[in-house]
Amino acid sequence: MNHPIGLFDSGVGGTTIWRALVRVLPYESTLFLADSLNAPYGEKTTEEIIALCEKNTEYLLNHNSKLIIVACNTATTNAIGHLRNKYKVPFIGIEPAIKPAGLYTQTKVVGVLATQRTLRSDFFAKTKEQFLEKDITLITQEGLGLVPLIEEGKIETPEMYQLLEKYLQPMVAQGMDYLVLGCTHYPYLTPIISEILPQHIRIIDSADAVAKQTERILKQNNLSATDKTVPEHLWLTNKNVEILQSFASKEIKVHYESF
Ligand code: DGL
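On a predicted model such as this, the values are computed, not experimentally measured, just so you know. (Residues numbered from 1 in each chain as written. Predicted model: local features only at pLDDT ≥ 70, side-chain atom pairs only at ≥ 80, totals over all residues. Heavy atoms only, no water.)

Colleague: Got a minute to help me understand helix α2 (residues 46-62) in this structure?
Modeller: The periodicity of an α-helix, 3.6 residues per turn, causes residues three or four places apart in sequence to face the same way. The terminal C-alpha atoms of α2, which comprises 17 residues, lie 24 Å apart, in line with the 24 Å expected from a rise of 1.5 Å per residue. Residues of α2 that are buried include every one of Ile49, Ile50, Leu52, Cys53, Glu54, Asn56, Thr57, Tyr59 and Leu60, and no others. Among the residues trailing α2, Asn64 stands out with phi positive, at a value near 65°. (Helix = DSSP H or I, 4+ residues; strand = E, 2+ residues; numbered from the N terminus. Expected span 1.5 Å × (residues − 1). Buried < 20%, exposed > 50% of the residue type's maximum accessible area, 1.4 Å probe, protein only.)

This is how it looks when you write it as structure tokens:
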């Protein structure tokens, strides 16, 4: 089926998932919504997050999305159960990759940097319970202030560097050897984070896992693209086109849309 895969995020972070997706599924068309007007989601209530997710989902469904990727950890951990109950389309979610980190850590100390709402969600508590062995220490750090700076395009700035240092140094001191990036905006911070962290600490995120899961679910539902022609990609923002365009390569159309 040649309808697009729909994706949404609270803003530009979903583009990190989009990139992994088109690497794994080069024939699929996509429609991506950056809800930057309402970013950050991470400091909103669960009810507010659910309402925003419904709004985004309905826009994507009205534009023929055959599957929806909730390209936001905060939206997934707070709303995916609700979305799956309410709408018939298949949903793929994203959550912090603490499972692989817990399997591979040598020091038995894993750090996760994510939004307040992700770390405080029941969903995250259940994932921890289900997938982390009892001998693993999980250090959680809320990334307050990081998403708003990324949304303004202020990535390589002293302000960002100072915030990250403040958040990461105590995690290093506690002996973590894996840092999980539990927000789709954060992979854009990897160059700065790598400067701050000692070299032996591995930084991981969930983008590739989401792309592979999408491939599996498309196949299972007979929804894969049948037409092996050039796919179309459209990125929409309800705030600032230039900022979203700065995260895009030239062949991607970025437009303003009120959604
Ligand atoms: N990209 C979102 C996530 O993965 C950012 C959340 C926010 O807007 O605070 O959680």
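Colleague: Any chance you could explain the packing of aromatic side chains here in plain terms?
Modeller: The geometry of an aromatic ring pair is captured by the separation of the ring centres together with the interplanar angle, meaning the angle of the planes. Tallying each qualifying case throughout the model produces five aromatic pairs. Seen from their ring centres, Phe32 and Trp235 are 5.8 Å apart, and the 80° between their planes marks the pair as edge-to-face. You can see Phe32 sitting in strand β2 (residues 30-34) and its partner Trp235 sitting in strand β9 (residues 233-237), a full 203 residues away along the chain. An aromatic cluster of at least three residues, connected via ring pairs, comprises Trp18, Phe32 and Trp235. (Phe/Tyr/Trp six-rings, centres within 6.5 Å; stacked < 30°, edge-to-face > 60°.)

Colleague: Looking at this structure, how should I read the packing of helix α1 (residues 14-24) against helix α10 (residues 207-220)?
Modeller: The packing of two helices is summarised by the inter-axis angle and the distance between the axes. It is at 8 Å that the axes of α1 and α10 come closest, and there the two elements cross at 50°. Taken together, α1 and α10 sit at an angle that is classed as oblique. Read as a crossing pair, α1 and α10 show a hand that is right-handed. Residues Thr16, Ile17, Ala20, Leu21, Arg23 and Val24 of α1 pack against Ala207, Asp208, Val210, Ala211, Thr214 and Glu215 of α10. In the contact of α1 with α10, the residues fall into seven nonpolar, two polar and three charged. (Axes fitted to C-alpha atoms, helices over the stretch in contact; angles between N-to-C directions. Parallel < 35°, antiparallel > 145°, perpendicular 65-115°, else oblique. Left-handed = near helix turned anticlockwise from the far one by under 90°. Contact = heavy atoms within 4.5 Å. Nonpolar A, V, L, I, M, F, W, Y, C, P; charged D, E, K, R; others polar.)

Colleague: What is the right way to read the site of the ligand from this model?
Modeller: Contacts to the ligand come from 13 residues, most closely from Ser10, Tyr41, Gly42, Thr74 and Thr184. Within the side chain of Thr184, an N or O atom sits 2.7 Å from a nitrogen atom of the ligand. Contacts to the ligand include His185, whose side-chain N or O atom sits 2.8 Å from a nitrogen atom. Look at the ligand: alone it shows 300 Å² of surface, and the protein chains cover 99% of it. Of the residues contributing to the shell around the ligand, the split by class is five nonpolar, seven polar and one charged. (Near = heavy atom within 4 Å. Polar contact = N/O pair within 3.5 Å; in protein donor to acceptor, adjacent residues only side chain to side chain. Areas by Shrake-Rupley, 256 points an atom, 1.4 Å probe, with all protein chains shown as cover.)

Colleague: Is there a simple way to think about the pattern of salt bridges in this case?
Modeller: Opposite charge on two side chains makes pairing possible when the charged atoms of those side chains draw close. Evaluation of the coordinates by the stated rule reveals eight salt bridges. The residue Arg23 makes a salt bridge to Asp208 at a minimum N-O spacing of 3.3 Å. In this pair, Arg23 is assigned in helix α1 and Asp208 in helix α10, connecting sequence segments 185 residues apart. With a relative accessible area of 40%, Asp208 lands in the partly exposed category. Taking the shortest distance from any N to any O, the salt bridge between Lys86 and Glu54 comes out at 3.4 Å. (Salt bridge = Lys/Arg side-chain N within 4 Å of Asp/Glu carboxyl O.)

Colleague: Help me understand the sheet that holds strand β8 (residues 202-204) in this model?
Modeller: Strands in a sheet are paired, the pairing made by backbone hydrogen bonds, and the direction either parallel or antiparallel. Pairing within the open sheet is parallel, and its four strands lie in the order β6-β5-β7-β8. Either end of the sheet is taken by a strand with one partner, and the two such strands are β6 (137-142) and β8. Across the sheet, the axes of successive neighbouring strands diverge by a mean angle of 20°, strand direction being ignored. The sheet contact formed by strand β7 (residues 178-182) and β8 spans three bridges and is parallel. Bridged to Leu179 within β8 is Ile203. (Pairing = 2+ DSSP bridges.)

Colleague: What am I meant to see in α10 here?
Modeller: Here α10 spans 20 Å end to end across 14 residues, near enough to the 20 Å set by a 1.5 Å rise per residue. Considering only its buried residues, α10 is in contact with β1 (5-9), α1, β3 (67-70) and β4 (91-92). Of the residues flanking the end of α10, it is Asn222, one or two places downstream, whose phi is positive at about 55°.

Colleague: Just checking my understanding: could you explain the nonpolar core for this structure?
Modeller: A general tendency of soluble globular proteins is for nonpolar side chains to be buried together. In this structure, Ile69, Leu164 and Leu179 are the most contacted members of the largest nonpolar core, which totals 55 residues. In terms of residue count, the dominant contributor to this core is helix α8 (residues 158-173) (six residues). Leu164 has contacts with Leu113, Leu146, Leu189, Ile192, Ile193 and Ile196, leaving out every residue within four places of it along the chain. Counting residues in each nonpolar core, the second largest holds 22 residues, with Tyr59, Ala75, Leu83 and Leu236 among its members. (Core = buried A, V, L, I, M, F, W, Y, C linked by side-chain atoms within 4.5 Å.)

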